[in-house]
Each structure stands twice: as C-alpha cells, then as structure tokens.
Amino acid sequence: MLAMLAAVDSKWSLMFLWLVVAFIVDGIDGPLARHYDVKKNAAEFDGVLLDLIIDYLTYVFIPAFALFKSGLMDGWTGWFAIIVITFTSALYFADTRMKTKDNSFSGFPGCWNMLVIVIFAVEPNFWVSLALVTVLAVAMFLPIKFIHPVRTERWRWLSLPTALAWTFFAGWAAWVDFHPESWAHWGLVATSVYLLGAGAAQQILYRERL
C-alpha cells in the first residue's frame, strides 16, 4: 500500500524503495514459515495463497502501473504493456505447473518489478522496453527454467549473494533517484541478467527437463 500511494503521487524512487523492502520480506517469509511450521500451527490460513496475492501486487500490479503512469512507454505501447503484464501474470499465478521439481519456476515467474526498475534506471528506447515486455510475457508460458535464489539448490552459493546484491543495487538506484551516473545501474543490470538467465543456463549445461 505504501508503494502504491507513492506511485499515485509519481514518487517513483520512494515507490521502489518500498518495493525493495517488500522484496526483502519476500525472501525471508518462506524460510520463517517453514521453520515455524505454519501449516501445522496456523492451518486455517493458506500461506501459499497469501504469498501469491502479495506477490501479484508487489511484483506485477504496482510495477505495471508505474511503467504506464511514468510515460516511459508512451501511447499504445503503454497500454499494451500494462494489459499484457497484468493479464499474463494473472494466468501464470493461477497455473498449477509454475513450480519445477527443484523448486525453480517453469517460465518467467512474473517478477516485473525487476524489469521495470531497470527500465527506470537505464531509460532505454521505448521500443527496447516493448521488446523486453513482449519477450518476458511469452517466456512465462515456455518450458524455460527460472531459478528461485533461495529454494533452488543448484548454484545457490552464487544465486543467493547475487539476489542480495540485486536488492542492494535496486535500493541504491532508487535512493539516488536513478541518477544517470550512478554505478548502481550497472550492478542492477548485471545481477538482473544473471537472475533471469541462470535457470536457462542450468538447463543447457546439465540437459535438464522441466
């Protein structure tokens, strides 16, 4: 809600700072839930459903709104992006096949906050942004693996620190109001590329099947 209120006022840096906080919480809520065995101790609440609701708001709905409202994708491209992002993500979040055997994701897991913050930081040509949105939306329904930096065991020694580094760079970039000379932008791009491509690399290197 705090991120959405900031977005409504076009306070993009503040919005992303709140989303970074949400990203941190999302990284620790699962391990805490498993540690305290909430399935047994709070069986009346569906933690998976609760997680999906919150993830849709913080990873999909608010970033899509920001991308549209900011004007970084003008005209019909903005409408295309916001409709494609929200609709395909709703379908993906309802897909019972979204998780793989190694606790990774089958298809791009709708982490649009990662893409949108990079677009805010780098401000590429809107055609580039449109291409990225289109490719990732299609990738949600392709048999491509995307790692979970905490739950995917393979390369976790690298993936978890990279996710922490992404969080740091995202917070740094937002804190300096996406200053064009900030080194945070390059760190953000580099860590995003790894987190988006590590799963596909594992499929190729180890000939994995989803």
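The structure displayed is predicted, hence computed values, not measured ones.

1. With respect to the pattern of salt bridges
Applying the stated rule across the entire model yields two salt bridges. In this structure, Asp95 engages Arg97 in a salt bridge whose closest nitrogen and oxygen atoms are separated by 3.0 Å. Since its relative accessible area comes to 63%, Arg97 is described here as exposed. The partner of Asp102 in a salt bridge is Lys145, and the shortest N-O contact between them spans 2.5 Å.

2. Considering the packing of aromatic side chains
Counting across every chain of the model gives 17 aromatic pairs. For the ring pair Phe126 and Trp127, a centre distance of 4.9 Å and an interplane angle of 35 degrees mean the geometry is tilted. Relative accessible area serves as the criterion here: at 32%, Phe126 is assigned to the partly exposed category. Between Phe168 and Trp172 the ring centres are 5.7 Å apart and the planes differ by 50 degrees, which places this aromatic pair in the tilted class. Remark: Trp172 and Phe168 occur in helix H8 (residues 156–175); sequence separation between them is four residues, near one turn of the helix.

3. Details of helix H4 (residues 47–70)
Under the 1.5 Å per step criterion, the end-to-end length of H4 is 33 Å for 24 residues, consistent within 8% with the ideal 34 Å. Its axis deflected by about 35 degrees at Leu57, H4 carries its strongest bend there. Those residues of H4 lying buried are Asp55, Tyr56, Thr58, Tyr59, Val60, Ile62, Pro63, Ala64, Ala66 and Leu67. The secondary structure elements touched by the buried residues of H4 are helix H1 (2–8), helix H2 (12–35), helix H5 (75–93), helix H6 (112–122) and helix H7 (126–139). With a side-chain oxygen positioned 3.1 Å from the backbone nitrogen of Val48, the residue opening H4 is Asp46.

What counts and how
Residues numbered from 1 in each chain as written. Predicted model: local features only at pLDDT ≥ 70, side-chain atom pairs only at ≥ 80, totals over all residues. Heavy atoms only, no water. Salt bridge = Lys/Arg side-chain N within 4 Å of Asp/Glu carboxyl O. Buried < 20%, exposed > 50% of the residue type's maximum accessible area, 1.4 Å probe, protein only. Phe/Tyr/Trp six-rings, centres within 6.5 Å; stacked < 30°, edge-to-face > 60°. Helix = DSSP H or I, 4+ residues; strand = E, 2+ residues; numbered from the N terminus. Expected span 1.5 Å × (residues − 1). Bend = angle between axes of the 7 residues up to and from the residue. Contact = heavy atoms within 4.5 Å. Polar contact = N/O pair within 3.5 Å; in protein donor to acceptor, adjacent residues only side chain to side chain.

Any functional reading would require information that these geometric values do not contain.
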